Amino acid sequence: MTSMAASSTTKIAWRLQEFEAQSSSISCLALGKSSGRLLATGGEDCRVNIWAVSKANCIMSLTGHKNPVESIHFNVSEEQVAAGSQSGSIRVWDLEAAKILRTLMGHKANITSLGFHPFGDFLASSSMDTNIKVGVLSCGHTQAVRSLAFSPDGKWLASASDDCTVKLWDLAQGKTITEFKSHTAAVNIVQFHPNEYLLASGSSDRTIKLWDLEKFTMIGSLEGDTTPVRCICFSPDGSCLYSGATDSLRVFGWEPDRCFDAVPVSWGKVSDLAICNQQLIGVSHHLSSVSSYVVDLKRVKKSGGAVIQGIIQDDQPLTEPKKDPKGAALRKNYERPTTTCRSQRLKHRSESDRRSPEGERRSPSEDEADEKLSSAEIHNAEDYKAIFQPKSAISRTPPKMSEPFPAPPEDGESSTRPSPPAAGTVSSSHPAPTQPPVTAAKSKPQLKIISSARNEPIGLNVADFLPSSPNHRSGALSDEEALTQMKKGHETMCVMLSSRLKNLQTVRGVWTRDGIKIALDTAVSMNDPSIVVDILNIINPQSLWKLDVCMVVLPQLDKLLQSKYESYIQTGCTSLKLVMKHFWTLISDTLKATPSVGVDITREERHQKCRVCCEQLKNLSNIVKNKATQVGRHGSTFKELQLLMSPLDDSP
């Protein structure tokens, strides 16, 4: 085989950094695929930590899981992260707002894989219980499911399992399209081609299979990895496939099957791959430490190479095969939705989310208790603002990083690199780096978590600005210590207030464009009671209420009346009084009216709205009766409401 001269004396692959990521053993990690610059880690300490790749300072910590975290996944825009635990529960956090979005129950064992839909507002999850859950769809394999992937158009879901199979699911129909059975060992990873109807799966049998999704046939079997295939990743243009195995990266082509290149990388058992700026980022973990590696893809061969199970000449590389205009070049491509909008945020929760592992519906109080245990604490405000809150309103989140990681110089090694060996052989002429690069100091990060309900507005707590144990002070605080105490929680509060302002500006824009009803729908969908309270405080004095507005607001009053915040209770009571004074007569008369002869669509719609409002008012009446027994100002307010709502007892 001929050798390929390196374009410079810098390394082709190098270790970027190594650092302590958790206080105990790490069990999972994930890269943000869009930027290649975000990393999430989870472990036995039940926490999720967010990092910027190449920096050893934790950006933020997410708490709330009561069992070790087993699986993590970013959504496409990297604004949300989902984490699944050993108990089968899943938590989804909004990283921009630094708060918990929702908690999902339903699996009965360890979560093994997670996936966000590329365009929709739902999440796919798999578990050791062999089940896959996607919205209302529940399906599975005969053994544990190890990997999930949505197709680029969002219509299909692929799953890989320990039962040696790969299944393809139609999300619209809620059923299996086909099952691929050519692997002879557990399938660890599955990945869709970015453009063509093509699917790749990597297995512990040390092969990668390629499946044509039009004919549902295997069109390639890529062999040559000497250890189980743990990660696979198509190039952005789909021209080749990168395979991550123990201490190696291989570059494969297909039709015909061939190995373009093999690069030794000392990453051990690599856990995830991402591509950015013509560099491949790989991450692995051992005990509580994480290592990140970079491969310069400009220096890696992506054409030519050895034909797998074929014959090539020793004195020249294989030329790029010509595409058959009637064959692979015409394989069908995915049709993505014609929209420039970024992926939608996950909705807060539906009734189907509130399920315990035994299938019993969870009460709102149980959900609230769970969320109060969940927190998002920011440790590095500068990096947080740079990544999740860019100054320019039109910047993507996180912002695109245009600069690649600089490659270190070679350690006195030859500047030439042999071509990759034929598949199935082991290369000894490709020595791994003999001197490890400088890494970050292995000092455990001081991750102090302030447990609080980050999905609730933060009030000023005097205790947060004072020493935690003043009785044990040896003397007066120094200026620096006093300043540190005063700043405690300040950055998180600023983030929450900035997020609140951003959401209010969004609601204001919708109100101006689409009216109050759509604006209220938008406010409710943000899952932040403070936004709803702000809007109600605007519409209450101005008598902007309509029946449609009542239908949106009444379900929210349940939370406000039972809130721990006095201002929320006050606003909820005021809104409920306005509804009873201005709409109860209309609601009651409409429900008691004799049905008209013939079809009156307008009347039927009004009758339906009144019926819904009446049911909601009856639910609120029960809360008011319980609260009316309280003493003090709130008790008097609820007693007044109880009298005002007494006609509900006689309603149909």
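Structural data are supplied above this passage.
Note that the structure is predicted; figures quoted are calculated from it, not measured. (Residues numbered from 1 in each chain as written. Predicted model: local features only at pLDDT ≥ 70, side-chain atom pairs only at ≥ 80, totals over all residues. Heavy atoms only, no water.)

## Concerning the overall build of the protein chain
Regarding its fold elements, the protein chain presents ten helices and 32 strands. Counting only residues that meet the buried cut, the protein chain has 51% of its 652 residues in that class. Considering only contacts within the protein chain whose residues lie at least 6 apart along the sequence, 58% involve residues at least 24 apart. In the form shown here, the protein chain has an accessible surface area of approximately 30600 Å², with 51% of it arising from carbon and sulfur atoms. (Helix = DSSP H or I, 4+ residues; strand = E, 2+ residues; numbered from the N terminus. Buried < 20%, exposed > 50% of the residue type's maximum accessible area, 1.4 Å probe, protein only. Contact = heavy atoms within 4.5 Å. Areas by Shrake-Rupley, 256 points an atom, 1.4 Å probe, with all protein chains shown as cover.)

## A few points about the packing of aromatic side chains
A full pass over the atoms with the stated rule returns nine aromatic pairs. The interplanar angle of 65° and the centroid separation of 5.2 Å between the aromatic rings of tryptophan 156 and tyrosine 197 together place this pair among those described as edge-to-face. Of the two residues, tryptophan 156 sits in strand β16 (residues 156–161) while tyrosine 197 sits in the loop between β19 (187–192) and β20 (198–203), which places them 41 residues apart along the sequence. The burial state of tryptophan 156 is the same as that of tyrosine 197; both residues are buried. Centroid distance tryptophan 267 to tyrosine 293: 6.4 Å. Interplanar angle 90°. Geometry classified as edge-to-face. (Phe/Tyr/Trp six-rings, centres within 6.5 Å; stacked < 30°, edge-to-face > 60°.)

## Let's talk about the pattern of salt bridges
In the structure shown here, the tally under the stated rule is twelve salt bridges. A salt bridge links arginine 15 to glutamate 18, with the nearest nitrogen and oxygen atoms 3.2 Å apart. On the basis of relative accessible area, glutamate 18 is assigned to the buried category, the value being 11%. Among the ionic pairs, aspartate 514 bridges to arginine 513, the shortest N-O distance being 3.3 Å. Accessibility expressed as a relative area gives 41% for aspartate 514, which makes it partly exposed. (Salt bridge = Lys/Arg side-chain N within 4 Å of Asp/Glu carboxyl O.)

## Describing the sheet that holds strand β9 (residues 90–94)
Within a sheet, each strand pairs with its neighbour through backbone hydrogen bonds, oriented either parallel or antiparallel. Strand order across the open sheet formed by four strands is β7-β8-β9-β10, with antiparallel pairing between neighbours. Two strands close off the open sheet at either side, each with one partner strand: β7 (69–74) and β10 (99–104). Put simply, the sheet's adjacent strands are angled 20° from each other on average, direction ignored. Taken together, the five bridges between β9 and β10 define a ladder with antiparallel strand orientation. The residue bridging valine 92 from the neighbouring strand is arginine 102, located in β10. (Pairing = 2+ DSSP bridges. Axes fitted to C-alpha atoms, helices over the stretch in contact; angles between N-to-C directions.)

## As for helix α5 (residues 516–525)
What α5 keeps buried is the set Ile516, Ala519, Leu520, Thr522 and Ala523. Seen from one end, α5 has its buried residues packed into an arc of 160°, which puts them on one side. (Arc of directions from axis to C-beta.)

## Considerations on the sheet that holds β20
Overall, antiparallel pairing links the four strands, which are arranged β19-β20-β21-β22 in an open sheet. Of all strands in the sheet, those with a lone pairing partner are β19 and β22 (217–223), marking the two edges. Put simply, the sheet's adjacent strands are angled 20° from each other on average, direction ignored. Pairing geometry for β19 and β20, over five bridges, is antiparallel. Pairing of phenylalanine 192 across the sheet is with leucine 199, part of β20.

## So, helix α2 (residues 381–388)
Regarding α2, the residues found buried are Ala381, Asp383, Tyr384, Ile387 and Phe388. Seen along its axis, α2 keeps its buried residues to an arc of 160°; they face one direction. At its buried positions, α2 is contacted by β4 (38–43), β5 (48–52), β6 (58–63), β31 (375–378) and α4 (490–514).

## Topic: the side chain of serine 161
Tracing the backbone through its elements, the reader meets serine 161 in strand β16. At 3.2 Å, the side chain of serine 161 forms a polar contact with the backbone oxygen of glutamine 143. (Polar contact = N/O pair within 3.5 Å; in protein donor to acceptor, adjacent residues only side chain to side chain.)

## A short note on the environment of cysteine 58
Within the secondary structure, cysteine 58 is located in strand β6. Taking the relative accessible area as the measure of exposure, cysteine 58 reaches 5% and is therefore buried. In sequence terms cysteine 58 and tyrosine 384 are 326 residues apart; their C-alpha atoms lie 9.7 Å from each other.

## Quick look at the nonpolar core
By size, the foremost hydrophobic cluster in this structure holds 46 residues, and its most contacted members are Trp545, Leu554, Leu576, Ile587 and Leu617. Elements that contribute at least two residues to this core include exactly α4, α5, α6 (529–542), α7 (547–561), α8 (566–592), α9 (601–627) and α10 (633–644). Looking at this core, the element that brings in the most residues is α8, giving eleven residues. If you look at the next biggest cluster of nonpolar residues, it comprises 25 residues, including Ala30, Ile50, Trp93 and Ala98. (Core = buried A, V, L, I, M, F, W, Y, C linked by side-chain atoms within 4.5 Å.)

## Describing unusual backbone geometry
Between glutamate 255 and proline 256 the backbone carries a cis peptide bond, its omega angle lying at 5°. Mapped onto the fold, proline 256 is located in the loop between β25 (248–253) and β26 (258–264). Of note, the phi angle at serine 54 is positive, near 90°, even though the residue is not glycine. Residue class for serine 54 comes out partly exposed when judged on its relative accessible area of 33%. A positive phi angle is found at leucine 287, which is not glycine, with a value near 55°. Mapped onto the secondary structure, leucine 287 falls in the loop between β28 (279–286) and β29 (289–296).

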